[in-house]
Amino acid sequence: MSYRIGSGVDFHQLQKGRQLWIGGVHIPFKKGALGHSDADVLLHAICDALLGALALGDIGVHFPNTAEEFKNIQSIILLQRTMDLVKQKGYSVVNIDSTICLEEPKLKNYTSGMRKLIAETTLVSENDVSIKATTTEEMGSIGKGKGIMAYATVLLQKV
């Protein structure tokens, strides 16, 4: 059986007046991520990891931030379309491991909802989706509350 590993990372600035979406879940907060879409860093990192595992480029190749059709799009739709590409190549997801980095808000009350939605979209069990959160201990732009980032690693197997 053939396996492929991919990794992805995404960064966005945080700005007042925007909604905060992480892992497909809306999180009430005074700031949201700035971007062309809903700027969901976790889903963008997962998309990049899936695309990278199959050498299909990155999220900007498939869903460019210059295309009007992707303006304000929910990133869960981008993940669904990315999964269509994974399936077309004859692969399925084995598991996803991810880390979100931000100072606030705390995410522990939201990660189970994120895991459920990501699992449903990638056709795995919730036990196959790991979401961790950390801070930068107030160091750098993220530590000063100016940004958010996420890393993701995926394992795919040939169907």
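Structure shown above.
Since the structure is predicted, the reported quantities are computational estimates derived from the model, not experimental observations.

*Asks:* I would appreciate a short explanation of a nonpolar patch on the surface in the present structure.
*Replies:* Nonpolar side chains collect at one region of the surface, where Val9, Phe11 and Tyr151 lie side by side and expose about 290 Å² of accessible area between them. As for its position among the elements, Phe11 is in strand E1 (residues 3-16).

*Asks:* Help me understand the side chain of Ser98, please; the structure alone is not making it clear to me.
*Replies:* Secondary-structure assignment places Ser98 in strand E5 (residues 91-101). Using a relative accessible area of 1% as the deciding quantity, one classes Ser98 as buried. There is a polar contact of 2.8 Å between the side chain of Ser98 and the backbone oxygen of Ser130. Non-local contacts of Ser98, meaning those with residues more than four positions away in its chain, are made with Leu42, Ser130, Ile131, Lys132, Tyr151 and Ala152.

*Asks:* When you look at the layout of surface pockets in this model, what are you seeing that I'm missing?
*Replies:* To find leftover empty space, a probe the size of one water molecule is rolled over the atoms. Estimated volume of the largest pocket: approximately 230 Å³. Every residue lining the largest pocket is counted, 15 residues in all, and those nearest its centre are His36, Ser37, His44, Phe63 and Asn65. Counting only elements with at least two residues in the lining of the largest pocket, the list comes to E1 and helix H2 (59-62). With three residues, the single largest contributor to the lining of the largest pocket is E1. Residues that form the lining of the largest pocket fall into these classes: seven nonpolar, seven polar and one charged.

What counts, and where the lines are drawn
- Residues numbered from 1 in each chain as written.
- Predicted model: local features only at pLDDT ≥ 70, side-chain atom pairs only at ≥ 80, totals over all residues.
- Heavy atoms only, no water.
- Patch = residues over 30% accessible without salt bridge, like charges linked within 9 Å, V, L, I, M, F, W, Y side chains within 5 Å.
- Areas by Shrake-Rupley, 256 points an atom, 1.4 Å probe, with all protein chains shown as cover.
- Salt bridge = Lys/Arg side-chain N within 4 Å of Asp/Glu carboxyl O.
- Helix = DSSP H or I, 4+ residues; strand = E, 2+ residues; numbered from the N terminus.
- Buried < 20%, exposed > 50% of the residue type's maximum accessible area, 1.4 Å probe, protein only.
- Polar contact = N/O pair within 3.5 Å; in protein donor to acceptor, adjacent residues only side chain to side chain.
- Contact = heavy atoms within 4.5 Å.
- 1 Å grid on protein atoms, 1.4 Å probe; cavity = no way out; pocket = protein on both sides within 12 Å on 5 of 7 lines; lining within 4 Å.
- Points joined across faces, edges and corners; volume = space filled by probe spheres on them.
- Nonpolar A, V, L, I, M, F, W, Y, C, P; charged D, E, K, R; others polar.

Interpretation note: all reported values are geometric properties and have no functional meaning in isolation.
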